[in-house]
Amino acid sequence: MTSELIDGFFENSMQVEFKECSVLPKVSVLHRFMSQWAKVERSSNIFRQMQQYYPPHFPLEVRYFLCEWIEEQQWDEIDEINPEHAKQVLDIMLDLLRQKAESQEHFIVRIKLEEIYQNLQNYIETNALGMVQVIKNCLAAEIKFIEQAEQAMQQQQIQKALSEHHRINDLIMNEIQNLTRRLQSSENDVKNLQHKQEMCIIEYNKMQKCAGLLQQLSNMPNSQEKINKEAQLKQQKEQIDDKLTKMAQEILRHRIELSKKFEQTMFKLQEIQKEILDNQLVAWKRQQQLSGNGLVLDSVSIETIQNWVENLAELIWQNRQQIKKCSQLQQHLHIMFPEGTEDMLPKLNDAITRILSSLVTSTFIIEVQPPQVLKKDARFGAVLRFLVGKTLNIHMNLPQVKATIISENQAKESMSNGVKTNNNTSGDILNNTGTMEYQPTTGQLGISFRNMQLKKIKRADKKGTEAVTEEKFCILFQSEFSVGSNELVFQVWTLSLPVVVTVHGNQECNATATVFWDNAFAEAGRDPFFVPDQVEWSRLSEQLNLKCIACTGTSLSQTNLAYLATKLFGNKDPNTSLVSWAQFNKDLLPNTTFTFWEWFFAIIKLIKDNLKDFWNDDAIVGFVSKNQAQDWLSKKPVGTFLLRFSDSQLGGITIAYTGLKQEVLNLAPFTSKDFHIRGLADRLKDLDNLVYLYPNKPKDDVFSKNYTLTDEGTTKNGYIPSLIKITLPNGFHHTAESENKQPCSPDVIYESTENSLQNMEELPLSPNMNQELDTDFPNMMADLLLSSIMSS
């Protein structure tokens, strides 16, 4: 068999076999809903490590073709002293392998699998328990290598981020040190210029003294002594004039060279300021906004940025003082510039002042944002910091800060015309003024507003179908202070992230949607508060995943995200479709009374408030269609169940389980109100007909740690305590003694309204699974199979 044939076989078979492996329930936090074997094949390093653990009598081909079945078995529960029990399980494995061999279209592959089948059968006949131990060892080795690989990857990502932060910090600090040396050099040049100018003034005074003496001699009677004295003074004056001319030329040359040096320094100051403000600080602000959707900040810390800003502010101030010093020296000794040469100092002074102003006004930041869903009359806070710290001695006369709430249009006016020309507000905030505080130990200059309260809000006229929960406001913080003995007066201000004002708790969901969309898709430098109306699904799915991690502690799997995509696009390819704001939170999902976001938000809230432990323990399949759940459970023993989120009831979770006739039934959804009465684990404990959590985990093994302990038969304060338990209606209990009775849901059988998902097929691990796999994997498997064929 040629290598091309083998490669073609694996290219085709992976599309089928990997799909079969993808239906396993979630197995880890890092790659939830991904089979153990899928993780092995994603990494060529893990695969190569595993080759040494698979002996000839249990080759990798068996693991590859039976990946799902092997991982479903409870190998640890096989009786170690009962070969018959082991043989029963392994006979099933042999039968599945035989079926795989018979289904292969490629003749040589079929022959090879039949040979493996025969060898495996012979080994199992003589040593079934030994084969069980081999399988257990191989699976344990896989887990070990996977965990090591995941830990190494996480560590590499952390180290990479830290390394990048160190690299950026080193680059900026090196530039700051270079600028420090440059300014020290120009400071010496200024002192040298001052010294030359002072010497020139001394010589000029000598020249004036000579001129005065000559004037006196001109009024005296003529005499030889007068003539001799005049000749001597004229000669001396000529010498001084020549010296003054040379000194003036030297001073003028020095002034021009120093101005050019100031200009070059200013250019470098602008470059480093651009890096700090336009790149690093903007990146920090963007990550701060994304943290509202759940992102964990991994940008350069604000303390590091403050250190850069303080050093930069000191350098800018020094450069400005040197320019001012040169201007003063020019005023003390006026020397005409030659024709065609311009005095650069006035322009340089204006430019360096603008640079300083830009740094000061841009580093008045909100360190802790006010809540973006702001309820009227509720208390809220914010923390602001001035990154220039003590550099400009602002802490010597601490400024006041005022907070006001403004509308989106008022924010646009502020951005365009400045706060000074816009004193409008859109509401009243109590406790909205305060004085900055300076912390000598940390060098931080800032203010914490702890007890602000929005007492009044003025809304704009509605735009078409826009709801009040789509209207954006923001908190404007502003202050004023002076530096350099009132030489420069700065008005600084900053806008908070957009906030949505609510007056009732039932507005929280839709207000959060507005904030979520804005945080996710805002761009740097935008007009307040523009966001695109349509975005790619990949961008939205990333933000949904961040939100899930922030609220529940666990990420969404690719299968979860694929199912979420079907809620928005149906059978369309999400990778070629855009999601609009209307699809996200205005248009109702088919056959429901709520939007996609309302459905997703209610589920995340349910997990966070009631199901977090179960979700993080992978006990909840969750985002899966009713049809898919039925397909999975229909192949399982009676009493197998799974937990999936309801499509027809907000914040509901339902139990789907396999009945006596292999039919799949669904319990009416439970909501947060139900779990306040009796928790999920106790409800599952009450239902004896629920035996195995899909695929085959004993119910008590998964949920017993969350059962509520009761002291039955005891009294408390003379009373017998009552118990609340969930039961099925009469006639629908399924126990070992009543196998002829059909199980059903308590109170009512839950019927889903997922008409749009009736034909949904089994989802693969990822919409792009084949592209995500290690490109070396098909070749390695082909080489392995070819080598085994050749050797046999």
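Residues numbered from 1 in each chain as written. Predicted model: local features only at pLDDT ≥ 70, side-chain atom pairs only at ≥ 80, totals over all residues. Heavy atoms only, no water.

S.K.: Could you give an account of the overall build of the chain, naming the residues involved and the relevant values?
M.R.: For the chain, the helix and strand inventory stands at 23 helices and 18 strands. Expressed as a percentage of its 792 residues, the buried residues of the chain come to 48%. Within the chain, counting contacts between residues at least 6 apart in sequence, those at least 24 apart form 71% of the total. Accessible surface, the chain: about 39400 Å² in total, of which carbon and sulfur atoms supply 48%. (Helix = DSSP H or I, 4+ residues; strand = E, 2+ residues; numbered from the N terminus. Buried < 20%, exposed > 50% of the residue type's maximum accessible area, 1.4 Å probe, protein only. Contact = heavy atoms within 4.5 Å. Areas by Shrake-Rupley, 256 points an atom, 1.4 Å probe, with all protein chains shown as cover.)

S.K.: Residues and numbers for the pattern of salt bridges, please.
M.R.: A full pass over the atoms with the stated rule returns 34 salt bridges. Between K567 and D647 there is a salt bridge, with the nearest N and O atoms lying 2.6 Å from each other. Pair noted here: K567 is in helix α15 (residues 558–569) and D647 is in the loop between β14 (640–645) and β15 (653–658), with a separation of 80 residues, a long-range link. K567 gets classed as buried once you look at its relative accessible area, which sits at 12%. Note on D647: relative accessible area 2%, which makes it buried. K705 is the salt-bridge partner of D617, the closest N and O atoms lying 2.9 Å from each other. One end of the pair, D617, is in the loop between α17 (596–616) and α18 (626–633); the other, K705, is in the loop between α21 (699–703) and α22 (769–772), with 88 residues separating them in the sequence. Judged by its relative accessible area of 37%, D617 falls in the partly exposed class. Among the charged side chains, a network of salt bridges with common partners joins K196, E250, R253 and E257. (Salt bridge = Lys/Arg side-chain N within 4 Å of Asp/Glu carboxyl O.)

S.K.: A description of the packing of helix α9 (residues 224–291) against helix α13 (residues 508–521) should follow, citing residues and the corresponding values.
M.R.: Relative orientation of the contacting elements α9 and α13 amounts to 150 degrees, with a least axis distance of 8 Å. Classified by the angle between their axes, α9 and α13 sit roughly antiparallel to one another. Crossing handedness for the pair α9 and α13: left-handed. For the pair α9 and α13, contact is made by R286, Q289 and L290 and by D518, N519, A520 and F521, respectively. Considering only residue class, the contact of α9 with α13 consists of 3 nonpolar, 2 polar and 2 charged. (Axes fitted to C-alpha atoms, helices over the stretch in contact; angles between N-to-C directions. Parallel < 35°, antiparallel > 145°, perpendicular 65-115°, else oblique. Left-handed = near helix turned anticlockwise from the far one by under 90°. Nonpolar A, V, L, I, M, F, W, Y, C, P; charged D, E, K, R; others polar.)

Keep in mind these numbers describe shape, not what the thing actually does.
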